[in-house]
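Structure at a glance
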Amino acid sequence: MAAEVVERDCPAAPDGGSSGSEDEAQPSPAAAAAQKREGWLRKFRELHMKRNEARKLNHQEVVEEDKRLKLPPNWEAKKARLEWELKVEEKKKECAARGEDYERVKLLEISAEDAERWERKKKRKNPDLGFSDYAAAQLRQYQRLTRQIKPDLEQYEKLKEQYGEALYPTSDSLLHGTHVPTKEGIDRMVADLEKQIEKREKYSRRRPYNDDADIDYINERNAKFNKKAERFYGKYTAEIKQNLERGTAV
């Protein structure tokens, strides 16, 4: 009987051991609270590190923006220009070291499409920006006249044979009164002067003053306003104006 009691009691031992292990696997409320607190602290430290990193980046951006604001307004263009000039100088040194012509190498690197685009851009560009001063106007006139010059190589060779070294004057040369212009040259100069006079007359904005015209203004500004009003509304008010002048207005 005692043996049976022992045998009956022995199988019950594993159940009691499993319940004890389950109790040990489940954390206690204090441990769970500690784990939760540790997770919160870890997240807090991560957020704190991110905040410090964002603060550092913001400070760097503020410093860079302050530097940019203190720079001249065209600093970016100047910087790009200086970088391009440095690249050009380096390219020239490389070409000089290889014994090559830089201008030729630069032209070889330009594509046909870029060359055509630059040519179209040059044709569209208007170099005449209007009158700024007399020196600029004189320079534009000189450039226009020099572009129109077409060298006569045959005449040049004749003059070279005729004068020899005297064709290339120095500081000691005396050529005053020795040059006789050709008839073609005189005709070309006269035609150019006539073109200049005709162009100047077209560009003149001065309006002739008519002494016999009616004075219907009190100053220059009022006269311009009356002319504009007459140009836009004259045909509608012509009859009213005539009636007022005759004194027959209703």
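The text that follows walks through the structure, step by step, so that each part is easy to find. In this text, all values refer to a predicted model and were calculated from it rather than measured experimentally.

**Points about the overall build of the protein chain**
Scanning the protein chain from N- to C-terminus turns up 10 helices and 0 strands. Sequence-ordered secondary structure for the protein chain, helices as α and strands as β, is α-α-α-α-α-α-α-α-α-α. Across the 250 residues in the protein chain, those meeting the buried criterion constitute 4%. The contacts of the protein chain with a sequence gap of at least 6 include a subset with a gap of at least 24, amounting to 19%.

**Notes on helix H4 (residues 75–98)**
Along its 24 residues, H4 runs 35 Å from first to last C-alpha, staying within 8% of the 34 Å computed at 1.5 Å per residue. Looking one or two residues beyond H4, the residue adopting positive phi is Gly-99, at roughly 75°.

**Some remarks on the side chain of Gln-196**
The residue Gln-196 is located in helix H9 (residues 183–203) in this model. When its relative accessible area of 17% is taken as the criterion, Gln-196 is described as buried. Only 3.2 Å separates the side chain of Gln-196 from the side chain of Gln-141, close enough to count as a polar contact. When near neighbours in sequence (up to four residues on either side) are disregarded, Gln-196 contacts Gln-141, Arg-144 and Leu-145.

How each quantity is defined
Residues numbered from 1 in each chain as written. Predicted model: local features only at pLDDT ≥ 70, side-chain atom pairs only at ≥ 80, totals over all residues. Heavy atoms only, no water. Helix = DSSP H or I, 4+ residues; strand = E, 2+ residues; numbered from the N terminus. Buried < 20%, exposed > 50% of the residue type's maximum accessible area, 1.4 Å probe, protein only. Contact = heavy atoms within 4.5 Å. Expected span 1.5 Å × (residues − 1). Polar contact = N/O pair within 3.5 Å; in protein donor to acceptor, adjacent residues only side chain to side chain.

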